[in-house]
Amino acid sequence: MPLTIKIGGHLFAKGEVDLQQLRSIANVIRECHDGNDRWAVVVGGGEPARLYIEAARELGADEARCDEIAIAVTRVHATLMLLALGDLVYPEVVRDVGELRRALAVRPIAVTGGFWPGQSTFAVAALCAEATGSDRLVMATNVRGLYDRDPRRYPDAKLIEEITYDELMEFLAKTSHAAGEYRMIDSVGLTVLKRSKIRLLIVDGRSPESIRRAILYNEAGTVVRP
């Protein structure tokens, strides 16, 4: 079955590349792949993207330029994931949906970062899931799942184990969308997933085993359903 996997930028936090974790996640993807299915892997920008965006704003950059910087960072990260995945993967980072389709006609796995300004890598992952006919989007981040508020700031935040897209869109209505601002998901990506009835499985990407169990057994910290 086609599958899309979104890997958050937590692998690239604190100015370092967690090579051990990167290799572990790549190994899980390779081990779970049967050699024939068409999978898309989308990699986020994380802390490095936010640091560069903050610097650009201080230098007077507008939000469009900040988005361009973030996209460039995600593509560097995607290149590292591509290298870690090895022979199964298309040898270039794809830059749009059309290129994704062409890449998957050649190799079983394709890797991408950002596509266009104003669009998060979550939205990119949703588009990739739709374009590949995936019935699931597995999203690996740096928390267990979706919480009622940011667990990094609020220790009493509660994990939401299951929610519908309509309920989640109401929850997101009050969030900001400035370039590089932390947000796990956004309404653009959710709209794409909802219209194609694609389930969203949010897992703790710090544990490669969580990614494995989501791929093989549909287990997740949070499941968002149509």
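Please refer to the structure higher up on the page.
Below: a short report on this structure. (Residues numbered from 1 in each chain as written. Predicted model: local features only at pLDDT ≥ 70, side-chain atom pairs only at ≥ 80, totals over all residues. Heavy atoms only, no water.)

### What to know about unusual backbone geometry
Leaving glycine aside, a negative phi is the common case for residues, and trans is the common case for peptide bonds. Test applied: For the purposes of this entry, the term helix denotes a DSSP run of H or I that reaches at least four residues, the term strand denotes a run of E that reaches at least two, and both are numbered from the N terminus. Relative accessible area decides the class of each residue, using a 1.4 Å probe on protein chains only: under 20% of the type maximum gives buried, over 50% gives exposed, and in between gives partly exposed.
Even without glycine at this site, K197 takes up a positive phi of about 55 degrees. Residue position: K197 is located in the loop between α7 (187–195) and β8 (199–204). Owing to a relative accessible area of 62%, K197 belongs among the exposed residues under this scheme. For N218, which is not glycine, the phi torsion reads 65 degrees and is therefore positive. Mapped onto the elements of the fold, N218 is located in the loop between α8 (208–217) and β9 (222–225). On the basis of relative accessibility, which here comes to 34%, the residue N218 falls in the partly exposed class.

### A closer look at the pattern of salt bridges
What counts is decided by this rule: By definition here, a salt bridge exists when the distance from a side-chain nitrogen of Lys or Arg to a carboxyl oxygen of Asp or Glu is within 4 Å.
Counted under the stated rule, the structure contains 13 salt bridges. Among the ionic pairs, R212 bridges to E31, the shortest N-O distance being 3.0 Å. Taken together, the residues span a long stretch of sequence, with R212 in helix α8 and E31 in helix α1 (residues 19–32) at a distance of 181 residues. On the accessibility criterion, R212 (24% relative accessible area) is partly exposed. Close ionic contact of D135 with R136 constitutes a salt bridge, the shortest N to O distance being 3.7 Å. A relative accessible area of 11% places R136 in the buried class. Through salt bridges with shared partners, a single ionic network connects E31, E209, R212, R213 and E219.

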